[in-house]
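# Topology and contacts: notes
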Amino acid sequence: RSITRKDVTVTANNKTKTYGDADPEFDATVNGTIGNDTVKYSLSREDGETVGKYTITASGEEEQGNYKVSYATGTLTISEAGTLSATATGYSGVYDGKDHEGQVSVSDTNGTKIEYSINGGTTWSEEAPSIKNVGMVQVDVKATNTNYSKPAMTSYDLIVTPATLTVKTADA
């Protein structure tokens, strides 16, 4: 008479996290063991840190003592973070014949697209505006990233004031 191994299933539990957070602790549900018996397994997950779904894999030996172990996957879901943030610094100076731009920095540069609109317009461009001649340009900035639920919005001004010109007549 022969005794066969009892079937046991190790299923990786589903987990969630917000983009930018550390991974949660992974665990699994074990079904089919008797009493205080245990089976050994390890858990790992598919690489990736952007918003999306990643497979959590349970693995180990198939035959463990009186058990025949099978493994089932779980899912790690990474959800969007709240709001991307952006800050901007404009330019203000006296005419010097050179082009001048503002500076924009965002809280997450990985995968972030920065767009500009000038003087309240509705057209957005990835090319940063500049100013050379006397005048003022209001620049609206929109930073978007698929890992965040809301874009970042900010604005700045580019201002060039007239240079002082001194005319001196020659002594007669």
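Before any of the text, the structure's been laid out above.
## Description of the sheet that holds strand β2 (residues 15-18)
Spatially, the four strands line up as an open sheet ordered β2-β8-β5-β4, and their pairing is mixed. With one partner strand each, in any of the chains shown, β2 and β4 (42-45) form the two edges of the open sheet. Here the average twist between neighbouring strands, direction ignored, is 25°. As paired strands, strand β5 (residues 52-59) and strand β8 (residues 74-79) are joined by five bridges and run antiparallel to one another. Counted as the bridge partner of Ile 56 is Gly 74 from β8.

## Focus: the packing of aromatic side chains
Tallying each qualifying case throughout the model produces one aromatic pair. Centre to centre, the rings of Tyr 19 and Tyr 148 are 5.4 Å apart; their planes meet at 75°, and the pair counts as edge-to-face. Of this pair, Tyr 19 sits in the loop between β2 and β3 (28-31) while Tyr 148 sits in strand β17 (residues 148-150); the two residues are 129 residues apart in sequence, bridging distant segments of the chain. Assessed through its relative accessible area of 12%, Tyr 19 is described here as buried. In this structure Tyr 148 comes out as buried when scored by relative accessible area, which is 14%. Over the ring of Trp 124 we find Lys 142; its NZ or CZ atom is 4.6 Å from the centre of that ring.

## Some remarks on the pattern of salt bridges
A complete count under the given rule lists nine salt bridges for this structure. Its salt-bridge partner being Lys 68, residue Glu 62 comes within 4.0 Å of it at the nearest N-O pair. Via salt bridges that share partners, Lys 17, Asp 23, Arg 45 and Glu 49 belong to a single interconnected network.

Analysis parameters
Residues numbered from 1 in each chain as written. Predicted model: local features only at pLDDT ≥ 70, side-chain atom pairs only at ≥ 80, totals over all residues. Heavy atoms only, no water. Pairing = 2+ DSSP bridges. Helix = DSSP H or I, 4+ residues; strand = E, 2+ residues; numbered from the N terminus. Axes fitted to C-alpha atoms, helices over the stretch in contact; angles between N-to-C directions. Phe/Tyr/Trp six-rings, centres within 6.5 Å; stacked < 30°, edge-to-face > 60°. Buried < 20%, exposed > 50% of the residue type's maximum accessible area, 1.4 Å probe, protein only. Lys NZ or Arg CZ within 6 Å of the ring centre and 35° of its normal. Salt bridge = Lys/Arg side-chain N within 4 Å of Asp/Glu carboxyl O.

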